[in-house]
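# Descriptive structure summary
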Amino acid sequence: MRIPKRVNDAWDWAESHGRVTAVILLIPVLAVGALWSPALAAFALGAVGAGLATYLRLARRIARLRAEVDELLRETGRLRHRNTMLASGIVQAESAATQKLLSIPELNEYVEPERRSA
């Protein structure tokens, strides 16, 4: 089932402005409930308060989990890029050229100063 764009935009707005949405929905219920049944008004007020508290608590958890997922995706992207570079052979050729340029010093260069001091 497809949701019309205007309805989807309204739901997105209501989700991002949860407190305003709760107040907009609560005012008519409280007005009617206060006239006919104060118990209904108290129930509606408690239900909206509990729902808002639960939503805010879950929103913090969801935000933390989304940040963790984003970091994992970034790390996966970095690893994928590194593996692509290694597989392409560019890094292997450069490291081979670098290894050819390194010189290993003779062992005698380090042994002679020790003999002189003794």
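The rules behind these values
- Residues numbered from 1 in each chain as written.
- Predicted model: local features only at pLDDT ≥ 70, side-chain atom pairs only at ≥ 80, totals over all residues.
- Heavy atoms only, no water.
- Helix = DSSP H or I, 4+ residues; strand = E, 2+ residues; numbered from the N terminus.
- Buried < 20%, exposed > 50% of the residue type's maximum accessible area, 1.4 Å probe, protein only.
- Areas by Shrake-Rupley, 256 points an atom, 1.4 Å probe, with all protein chains shown as cover.
- Patch = residues over 30% accessible without salt bridge, like charges linked within 9 Å, V, L, I, M, F, W, Y side chains within 5 Å.
- Salt bridge = Lys/Arg side-chain N within 4 Å of Asp/Glu carboxyl O.
- Lys, Arg positive; Asp, Glu negative; His and termini not counted.
- Charge placed at Lys NZ, Arg CZ, Asp CG, Glu CD.
- Axes fitted to C-alpha atoms, helices over the stretch in contact; angles between N-to-C directions.
- Parallel < 35°, antiparallel > 145°, perpendicular 65-115°, else oblique.
- Contact = heavy atoms within 4.5 Å.
- Polar contact = N/O pair within 3.5 Å; in protein donor to acceptor, adjacent residues only side chain to side chain.
- Left-handed = near helix turned anticlockwise from the far one by under 90°.

## Notes on the overall build of the chain
Looking only at helices and strands, the chain features five helices and zero strands. Secondary structure elements of the chain, listed N to C terminal, follow the sequence α-α-α-α-α. Expressed as a percentage of its 118 residues, the buried residues of the chain come to 6%. As presented, the chain carries roughly 10700 Å² of accessible surface, and 64% of it is formed by carbon and sulfur atoms.

## Regarding a positive patch on the surface
Side chains of Arg57, Arg60, Arg61 and Arg64 sit close together on the surface and give a patch of like positive charge. Relative to the helices and strands, Arg60 is located in helix H3 (residues 38-88).

## Notes on the packing of helix H1 (residues 5-16) against helix H2 (residues 18-36)
Close contact between H1 and H2 brings their axes to 5 Å; oriented N to C, the two are set at 100 degrees. Compared by their axis directions, H1 and H2 come out roughly perpendicular. Every residue of H2 that contacts H1 at Trp13, Ala14, Glu15 and Ser16 is listed here: Gly18, Val20 and Thr21.

## Regarding the pattern of salt bridges
A full pass over the atoms with the stated rule returns three salt bridges. Across the pair Arg74 and Glu71 runs a salt bridge whose closest N-O atoms are separated by 3.6 Å. In this pair, Arg74 and Glu71 are both assigned in helix H3, three residues apart and thus about one turn of the helix distant. By relative accessible area, Arg74 is classed as partly exposed at 49%. Given a relative accessible area of 36%, Glu71 falls into the partly exposed group. Residue Glu71 pairs with Arg78 through a salt bridge whose shortest N-O separation is 3.4 Å. What you see here is one network of salt bridges that share partners, running through Glu71, Arg74 and Arg78.

## Quick notes on the side chain of Thr21
With respect to the helices, strands and loops of the structure, Thr21 is situated in helix H2. Taking relative accessible area as the criterion, Thr21 reaches 19% and is therefore assigned buried. At 3.2 Å, the side chain of Thr21 forms a polar contact with the backbone oxygen of Ala14. Thr21 has contacts with Trp13 and Ala14, leaving out every residue within four places of it along the chain.

## Brief notes about the packing of H2 against H3
Between H2 and H3, the shortest axis-to-axis distance is 7 Å and the interhelical angle comes to 165 degrees. Classified by the angle their axes make, H2 and H3 are roughly antiparallel. In this structure, H2 meets H3 at a crossing whose hand is right-handed. Across the interface between the two elements, Arg19, Ala22, Leu26, Val29, Leu30, Gly33, Ala34 and Trp36 of H2 pack against Pro38, Leu40, Ala41, Ala44, Leu45, Val48, Leu52 and Leu56 of H3.

## A short note on a nonpolar patch on the surface
A surface patch of nonpolar side chains, about 340 Å² in accessible area, is lined by Ile3, Val7 and Trp11. Its location among the elements puts Val7 in helix H1. Judged by its relative accessible area of 36%, Val7 is partly exposed.

Limitation: the analysis is restricted to geometry and does not speak to function.
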